[in-house]
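If you want the building blocks of each chain, they are given just below.
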Amino acid sequence: MTNTELLNRADVLRHGRTPFVLATVVHTERPTSARPGDSALVLPDGTVEGFVGGTCAETTVQLQGLRVLETGESLLLRITPAADTGTEGARDPVEGLVTVANPCLSGGTLDIFLEANLPPALAYVYGHAPIARALLDVGRVLGLDARLASPGEPLPPDLDVVVIAMHGRDEETVLTEAVRAGVPYIGLVASPKRGAAVLAGLDLGEEQRTHIHTPAGLDIGARTPAEIALSVYAEIIALRPKVARAARPAAGSAAPQAVTENVDPVCGMTVAITPATLSLDRAAGSVYFCGPGCQHAFADDPSRYAHA
């Protein structure tokens, strides 16, 4: 896969709101098979597309890439054969640098930047009045994936925000669907009196009604549509720990899962357990390997690695 093909693939993933990590080799110390500029994508299911080195280097990038998808924090990964790098995968005193000892390397060192690419929060805005347009404009400036939605439109599973500015038209249906879908933030632009009346008329339980914010937004004395939109997003930001669902999937895409790890008994490397991870089934359980070399070595003489 060429770099152009890889970047095109990354664009497709972004468009589909699929989280991924872009791994780019930024420095090498020979001998290494990778060169600066080589790159790969790490997907939520552990798939690695592209090239950042041989099997052992790729296994390390896969594991660290899956960890990056969990945290959402980009980092610089140093893969080195040196045995004195400390705890495997430990963060160095240099902020943002993680050094991993990889005994399988041919002797060189790789520095690879792992960039987290998580989909922005998805916001549906209902309405066509100036306030709705302002909600779209301000949301996009803040980096949200703000979209104009219509009543009856299916709600995607990765929807983070619903703001209704329809001034009394079809509000009840949208509010009920959003609450039942578990959307983290639901806001109704209305006066306190009208908002309370709308809530009272919904076919929802008392606890469910508490998930709807009305009047939507913080009380900052907003008057213009842009100011009202600003107050709504200020409330969303204030509630961010509750609203954010980092790296959630769009329909049909894979979400990052908690990384399950194991240690290769032959070389001692920590590997991520994915459907593609090489393994052998033993009476005591499955044994996982960084690559075919370690798998074959173990299969030839399992007793040699009994201590592991």
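Placed above this text is the structure.
Treat the numbers as computed from the prediction; the structure is a model and nothing was measured.

Notes on helix α3 (residues 130–141)
No. 1: Compared with the 16 Å implied by 1.5 Å per residue over 12 residues, the 17 Å span of α3 between its first and last C-alpha is a close match.
No. 2: When we look at burial in α3, the residues that qualify are Ile131, Ala132, Ala134, Leu135, Leu136, Val138 and Gly139.
No. 3: Of the surrounding elements, those touching the buried residues of α3 are β7 (122–126), β8 (145–149), β9 (159–164) and α7 (225–238).
No. 4: Looking one or two places after α3, you find Gly143, whose phi comes out positive at around 95°.

Concerning the sheet that holds β8
No. 1: With parallel pairing, 5 strands are arranged side by side in an open sheet as β8-β7-β9-β10-β11. In this open sheet, the two strands that pair with only one neighbour each are β8 and β11 (212–213).
No. 2: When β7 meets β9, the two strands line up parallel, connected through 5 bridges. Each residue of the ladder has a partner; that of Tyr124, found in β9, is Val162.

Points about the side chain of Asn102
No. 1: On the secondary structure map, Asn102 appears in the loop between β5 (97–101) and β6 (109–117).
No. 2: At 3.2 Å, the side chain of Asn102 forms a polar contact with the backbone oxygen of Cys56.
No. 3: Within the structure, the side chain of Asn102 is placed 3.2 Å from the side chain of Thr60, a separation counted as a polar contact.
No. 4: Once residues lying within four places of it in the same chain are set aside, the contact partners of Asn102 are Cys56, Ala57, Thr60, Ile79, Thr80, Pro81 and Met269.

Describing the packing of aromatic side chains
No. 1: Throughout the structure, instances matching the rule amount to 3 aromatic pairs.
No. 2: For the ring pair Tyr124 and Tyr126, a centre distance of 6.5 Å and an interplane angle of 70° mean the geometry is edge-to-face.
No. 3: Accessibility expressed as a relative area gives 6% for Tyr124, which makes it buried.
No. 4: Among the aromatic residues, those joined into a cluster by ring pairs are Phe289, Phe298 and Tyr305.

Re the sheet that holds strand β3 (residues 48–50)
No. 1: Sheet architecture is open: 6 strands sit in the order β3-β2-β1-β6-β4-β5, paired in mixed fashion. Of all strands in the sheet, those with a lone pairing partner are β3 and β5, marking the two edges. This sheet shows a mean twist of 25° between the axes of neighbouring strands, independent of strand direction.
No. 2: Relative to strand β2 (residues 39–42), strand β1 (residues 20–29) is paired through 4 bridges, and the arrangement is antiparallel. The partner of Leu22 across the bridge, within β2, is Leu41.
No. 3: With respect to the sheet, helix α1 (residues 3–15) is in contact with β1, β2, β3 and β6, its orientation differing from that of β2 by roughly 25°.

Some details on the environment of Glu73
No. 1: Here Glu73 is to be found in the loop between α2 (55–71) and β4 (75–80).
No. 2: In this structure, the C-alpha to C-alpha distance between Glu73 and Leu118, residues 45 residues apart in sequence, is 9.9 Å.

Thoughts on the pattern of salt bridges
No. 1: By the definition in use, this model includes 10 salt bridges.
No. 2: In this structure, Glu49 engages Arg9 in a salt bridge whose closest nitrogen and oxygen atoms are separated by 2.9 Å. You can see Glu49 sitting in strand β3 and its partner Arg9 sitting in helix α1, a full 40 residues away along the chain.
No. 3: Among the ionic pairs, Arg17 bridges to Asp158, the shortest N-O distance being 2.6 Å. A residue pair is termed long-range when its members are at least 10 positions apart, and Arg17 in the loop between α1 and β1 and Asp158 in the loop between β8 and β9 qualify at 141 residues.
No. 4: Judged by its relative accessible area of 2%, Asp158 falls in the buried class.
No. 5: The network of salt bridges with common partners includes Arg17, Asp145, Arg147 and Asp158.

What counts and what doesn't
- Residues numbered from 1 in each chain as written.
- Predicted model: local features only at pLDDT ≥ 70, side-chain atom pairs only at ≥ 80, totals over all residues.
- Heavy atoms only, no water.
- Helix = DSSP H or I, 4+ residues; strand = E, 2+ residues; numbered from the N terminus.
- Expected span 1.5 Å × (residues − 1).
- Buried < 20%, exposed > 50% of the residue type's maximum accessible area, 1.4 Å probe, protein only.
- Contact = heavy atoms within 4.5 Å.
- Pairing = 2+ DSSP bridges.
- Polar contact = N/O pair within 3.5 Å; in protein donor to acceptor, adjacent residues only side chain to side chain.
- Phe/Tyr/Trp six-rings, centres within 6.5 Å; stacked < 30°, edge-to-face > 60°.
- Axes fitted to C-alpha atoms, helices over the stretch in contact; angles between N-to-C directions.
- Salt bridge = Lys/Arg side-chain N within 4 Å of Asp/Glu carboxyl O.

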